[in-house]
Structures are given as structure tokens and as C-alpha cells.
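Below are the chains, spelled out letter by letter.
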Amino acid sequence: MFLKQANWIWCSGSEEKNCYVDFKQCFTCEEEAPAVIELSADGNYALYLNGCFVNSGQYPDYPEYKVFDRLDLQAFLKPGDNELLIRVYWPGEDHFSYRAEPAGLIFAVSSGERVLAQSGSNTQAAVNRAFQSKDVPKITAQLGYTFCYDASLAGTEQFEPAAVIEKKADLFPRPIHKVQIGDRLPIQVAHFGTFEEKPWETLGQRLQNAALAAKSRMLESFRENWDGTLFSAPEGDGLYLIIDLGAEQVGYLDLEFDLPEDALVIGGWGEHLEDLRVRAFVGKRNFAFSYRGRAGRNRFFMPLRRLGLRYLQLHIYCHSLNLFYAGIRPTVYPLQEYPISLQDRLHQKIYEVCIRTLRNCMHDHYEDTPWREQGLYTMDSRNEILCGYDIFHETDFPKACLRLIGLSVREDGMAELCSPARAAITIPSFTAIYLVELWEYLQYTDDQAFLLEMLPVAKRIAQAFEDRIDTAAGLLTAFPESCYWNYYEWQDGLSGGYGVKNPDELTYDAPLNAFVSMGFQALEQIYAKLGQPEEAAHCRQVWTALNEAMERTFWNGKWYHSFCRVSDGQTFHDAQLTQALMICCKAVPAEKQETLRALLKSGPLLPVTLSYSIFKYDALMTDPNNFQWMMDDIAQIWGKMLFSGATTFWETAEGASDFHYAGSLCHGWSAVPLHLYHRYGTP
């Protein structure tokens, strides 16, 4: 590893957050000599050699686990002098897939055993002023800042020697493949017209509030060898285009067009056109960027921000535009698929769309949604990892996800809300399911070395839960502190709050105790597999005692209530999820199980949502006679999304209208049927 000979560097005077810094260095290469670069950055990087884009994408990591990439430069080299340029984007603050640490870059270019270039005082550095740093809106709190680019400032950088800095970082090679960046996706212009600006505060509102007047509907597909398509109209404040990528996609923005004059272009991206436009502004979210173009040909490729979308909307603040391309280059994690065939055509389509949903939600790690958050949540990842085992027959990717989660575990024994993020809150039930994920990984891989690596983390988690068991009741209470979110699913009464504001309302929560019971059961199996019988026996004592207390506390004579108030022992809240979890954690006596399975198929209880349906179906399949009912239920729920036009499966069955009109239409946790087809069989 030649990085050991290099120095961490940064640009003097560029300590402001949300900044873009360019680093360049020349080196000489012999004809046809191979060369590679090793590099790591804090936040993200895009690499160019001799003016050509090579690759981008820093792996999300931690100071104690700082990941470097090793990239082949052969295709971009020329004999003699070569110019390397590395653009580093430093957010400077936490978001859901980035843990803020001091900015920095380290790299080394080598050919065989010879170092051709390395980061240090010979490297030139400059703040890239074409990217606006201050007063830039955030896309979402989870994604961080959007980008605002002024092409008139490109090439005006003032390069100076880079500053060598001290940075604590233990370097490790990337544990998974790099995402593959594809060619431009085909596009269609769905709508074209003029717009008039209305009052606004943010970029997203400029798109959302503008008055649109459609001129025509363009249906032809664009091809790169066309001489462009001219759009023009004299009315309004400018032109708008709505571009359809044909299906939910994920990738890097790519624009190419001619402008008759310098002009501002504002772009927005989204998953649907329910507002007769892209929903660029919802809540405080801004799914929008700005690009200030120059007269003539404009080319802009943004490999530092991944977008999840189906539609791209452009507002061009002039009255004509010759469009060559406006879309994305897809980012796809390279994996071979091992699909099965289903005889039922509807289930076959559900299966295929589950695969597509899953692939749209895997890049550097599994993520909840590529549109709104791109976060590695523990509970979401459990669904995704199980599906991944089935369809990809691969273990490096889930192993890397599990390590990221394990590294996030805090002093209180709880994993961060997302990894490797820092967040003000976290979800205890998600931390409990991490123990289940570790056991499922061990079952699938028999990778005992990794489990031994993660065992101290698992112990810390288990001890944190055990310390919170109320010895009088034999149960955990809801976590009362404001830094904890007592969340179980997106259903009335189960989505929880941040801490218990009134001590009289403190509860024992059946879902939390069930998840903790499952966690201890998983840890018992891990200890047994690793040859630690005493620890395994202790875990069994913990979960059997929890189960006995749950059965005693939450049964109301017909089913299990979700909550028991500590102050007066009053139980309340009726939900299918609670019944499913009680079965899955083995707390239900055999004579009650059929009653609960019937309630999971029909009855007065609040239904299970998409993400937690895996527990419902696993509970039902404790009686294999429920197989056909399960298949019919999947056909009804997921089939309804298909017949509503879904190209990937949604966050909840309510689609875009959920979460105050911010529902995701591509959510990895909803690929659950894929796992069920592999686990239980196909119709």
C-alpha cells in the first residue's frame, strides 16, 4: 500500500462546510506502463485524468475504519506527462450516509514498485468557486446539501501548494466492489412549455409554485448522435421540460445543451407527476439544484451526488434551448443474479420488481430509499440482506453493511439510527434486530471469524438491553430518554415518539420486548455455534423470562395488547404486528397460536405495513397450511402497486401521498416477497 508514503492534505483557507476543493498534480508515465491510484477522502471525491472522468465515490466510513479505493488508470494514461485532478466535496456536517470528520485527501499513484505521484506539498489545491458553498439549501436533513453550479466561474481557480495536515485515520481497502457507472439512459420529453415564476423561498419552491403552460407533448426517445432538439417559445419567464426516464432509476445527473445566452437553469427530480410536475418541494425538502449556464454548448456531469428519480424537470430562464441530453448515468452495484421462475405471471412480475427495487437500494451499502434518504437503517437492511442472500448468493455486501452498523454502536449499547451517521435519536428495536442479522449471516455463511470480530459489539448491545429490564415486571420499559425513538412500524400508535414526556405514561411495549427476545435468541445460537455454552445458557434464561413476562402481561383474553402502562397496569392498543411478533419470538403457547394466525388473516386489528409484513408471514407459516393465503395476500397487496404503475415497490401501500405527501416509491424494505418465494416456495 503506497498510501503509507503519502500525506493527508487539504486546501489552506477552505475550512467552510459544503465546499468543493480541486487537487491537481502532474506525473510522467512511460509508454504502455500500467498505473494505479490509491486514494481516500473525507467526504466524497471525483477523479479525473487528462481531463477524462475516471471514477468517483468515497465509501462511507469511520476514522478507525477509513476506506481507500484502488483504481486502474491504464485506460486514461498517455505516454509522457499526465495531469491528475481530484475534486473533493466536504459536507462538513453529518447526514445519514456521512459522518462528519476533518476534511482531507490522501493519494498515491504507482506503476509496479515505483511511485509516480503522491499527495503532499507538491500537490496543488484550490477551492472550486463554480460550486456555491454558502446559502445552499439542503435536499433533506438526511441527504445534506444540494448543489448550485455557476459555469461562468469554471476554470477561475487559483491553485496554491496544498497544506499537509494531521488526520487520524486507520486505512483499510474497500470491502466491496465499486459501483459501476453506466452510459446515459434513454429519455423522453414528456412535457414542454413555458413557466411564470411565483413567490418562492427555496429552489424547490421555484419549481413547485411556478405557473406552467404546456406547449406540446414530445414522445420520441433521444439518442446521443442526434443534433439536438430545439425548444423555443417567447412567452413567460422561460421554458420548462419534464423528462421521463421510463422507470425508477438511480444515478448521476448528466446535462448537455446549447443556450443562446447566459441563463439560469433550475432542475428538480422526483418519482411521479401527481402534481402535474415533479414534486420538488415537500415539507422542508428541496429536490432541486441550480446550474448557471453560459451561451453556447454546456456540458455538466455531477458524479458527487447520487439521485433517485423517474422524472427530471428543468426550468430554463431564457426562451430557447437546444437539448442534446438531460438525464442520468446509472449507478449499479455489480452482482450476478440467480433468479427462480414462477409459473404465476403476476407473482413473476412481483418477483422481478422486487429484484429491481432491491438493486436500486444498494450502492455503497443497502439503503432505505435512493430518493429521499439513502440511509443504512438496521431494520431495513435486515429485509434487504435476506433478499440479497436469496437472489445474489453473495456475502461481501451484507458483511460490509453489518460491519458499518457494528462500528456505529455507541457507549449506551445502541446502534446509530443510520450507519455511519451521527443522529440525535436512535431506535432501540432496530438495535435488537441487529443481533438477529448477525445470526442469520452466520447461518448463511458459517463465517465464524467475522462473528468473533463482532461479538464484543453484540455483547455490549445485549448487556445494554439486559440492564434495562425492570426486575419487578420482568420486562423492558419504553426508553424514556429524548434521544430514543420508540418506533415499531408506520402504523397508528406504533410509530412512537422521542422519549416519554410524562412519567405517568411510561409503558412496557410488547413489540420492543419481542424484538429483544428475538435478539437474545439469536445471540444464544451464535454463542452455541462459537462453542461458548455458558453464555448461550445465560441468553436462554434472559429470553425465556422475557417471554413468560410478555405472555403474562399483554394477553387480554382474545389477543395480545401492544402496551401496558407502568403506572396502573392498564393494557391497550390492538395490532396485527404485536401478534406476529409474539409468535415469532416464541412467547405464545401452542393452544393460542391458531387464534392469532386467524387474526393475522382477518379481524379488527390494525394491519401490518409493508416493511413488517415479513413477521406476519413468518408467523402465519408456523402453520404451512397458510401458504396459499400468503401467496394470495402478496398478490393483492404488491399487485395493487403494480397495477398502479409501480416500477419499484413503495415505502407503504399509500404510495406518494403518505408521510404528508413525501412517501417514497422505491423502498428496499418492500422487496420482502422475494425472500418469501425463496424461503417458502412459489405459487
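What counts, and where the lines are drawn
- Residues numbered from 1 in each chain as written.
- Predicted model: local features only at pLDDT ≥ 70, side-chain atom pairs only at ≥ 80, totals over all residues.
- Heavy atoms only, no water.
- Helix = DSSP H or I, 4+ residues; strand = E, 2+ residues; numbered from the N terminus.
- Buried < 20%, exposed > 50% of the residue type's maximum accessible area, 1.4 Å probe, protein only.
- Lys, Arg positive; Asp, Glu negative; His and termini not counted.
- Salt bridge = Lys/Arg side-chain N within 4 Å of Asp/Glu carboxyl O.
- Contact = heavy atoms within 4.5 Å.
- Core = buried A, V, L, I, M, F, W, Y, C linked by side-chain atoms within 4.5 Å.
- Pairing = 2+ DSSP bridges.
- Axes fitted to C-alpha atoms, helices over the stretch in contact; angles between N-to-C directions.

1. Concerning the side chain of Asp623
For Asp623, the location among the structural elements is in the loop between helix H11 (613-620) and helix H12 (627-643). Despite being buried, Asp623 has no salt bridge partner; Arg597 is the closest side chain of opposite charge, sitting 4.4 Å away. With residues near it in sequence (within four places) discarded, Asp623 still touches Glu594 and Arg597.

2. Examining the nonpolar core
Ranked by internal contacts, the top residues of the largest apolar core, which has 136 residues, are Phe515 and Phe615. At eleven residues, helix H7 (residues 510-529) tops the list of elements feeding residues into this core. Leaving out residues up to four positions away in the same chain, Phe515 has contacts with Met379, Ser429, Ala432, Ile433, Tyr488, Leu581, Tyr612 and Phe615. Within the second largest apolar cluster, 68 residues are counted, among which are Tyr20, Phe195, Phe287 and Tyr291.

3. A word on the sheet that holds strand E10 (residues 124-127)
Ordered by their spatial adjacency, six strands build an open sheet running E5-E4-E7-E2-E10-E14, and the pairing between neighbours is antiparallel. Sheet topology places strand E5 (52-56) and strand E14 (160-161) at the edges, where each strand pairs with a single neighbour. Pairing of strand E4 (residues 44-49) with E5 involves four bridges; the strand directions are antiparallel. Bridge pairing in E5 links Leu49 to Cys52.

4. Quick notes on the sheet that holds strand E30 (residues 507-509)
Read across the sheet, three strands follow the order E30-E31-E32 without closing on themselves; strand pairing throughout is antiparallel. Strands with a single pairing partner mark the edges of an open sheet, and in this sheet they are E30 and strand E32 (571-572). Across three bridges, E30 lies against strand E31 (residues 563-565) in antiparallel orientation. Note that in E31 the partner of Asp509 across the bridge is Phe563. Here helix H8 (residues 533-554) sits on the sheet in contact with E30, E31 and E32, set at roughly 75 degrees to E31.

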